[in-house]
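Structural features, examined
What follows is the residue order along each chain.
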Amino acid sequence: MITSQQMRAARALLGIDQKRLAELAGVSLPTIQRMETSDGQVRGVIETLVKVISALEREGVELIGDNAPSQGRGRGVRLRDAMATPG
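Attention in this report is confined to the structure presented alongside it. Since the model is a prediction, treat every value here as computed from it, not as a measurement. (Residues numbered from 1 in each chain as written. Predicted model: local features only at pLDDT ≥ 70, side-chain atom pairs only at ≥ 80, totals over all residues. Heavy atoms only, no water.)

**Details of a nonpolar patch on the surface**
Residues Met1, Ile46 and Val50 make up a contiguous nonpolar surface patch of about 290 Å² in total accessible area. Position of Met1 relative to the elements: it lies in the segment before helix 1 (4–14). (Patch = residues over 30% accessible without salt bridge, like charges linked within 9 Å, V, L, I, M, F, W, Y side chains within 5 Å. Areas by Shrake-Rupley, 256 points an atom, 1.4 Å probe, with all protein chains shown as cover. Salt bridge = Lys/Arg side-chain N within 4 Å of Asp/Glu carboxyl O. Helix = DSSP H or I, 4+ residues; strand = E, 2+ residues; numbered from the N terminus.)

**Things to note about the packing of helix 2 (residues 18–25) against helix 4 (residues 46–58)**
Geometry of a packed helix pair, given as the angle between the helix axes and the separation of the axes. Interhelical geometry of helix 2 versus helix 4 gives an angle of 100 degrees and a closest axis separation of 8 Å. Between helix 2 and helix 4, the angle falls in the class roughly perpendicular. Counting all contacts with helix 2, which are made through Leu21, Leu24 and Ala25, the residues of helix 4 involved are Lys51, Val52, Ala55, Leu56 and Arg58. In the contact of helix 2 with helix 4, the residues fall into 6 nonpolar, no polar and 2 charged. (Axes fitted to C-alpha atoms, helices over the stretch in contact; angles between N-to-C directions. Parallel < 35°, antiparallel > 145°, perpendicular 65-115°, else oblique. Contact = heavy atoms within 4.5 Å. Nonpolar A, V, L, I, M, F, W, Y, C, P; charged D, E, K, R; others polar.)

Set out below in structure tokens:
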């Protein structure tokens, strides 16, 4: 669904802190903190994950899954596969 790294990067692109994301998603600050300290894929109650993802998307973030093309326009960042990185 979403990784902790994607959550942190999305917040950085939007210029918001954890408290603001919690407000936008209608969840508690400790929930966001817990989600962002997860290792890799965020685990939690599906309803909560959907609220956070929806809030990020409403604010203009496009979350891109592995091997998925971007449908959006504009600037962004994407991690390159470490194995495909030259040199």
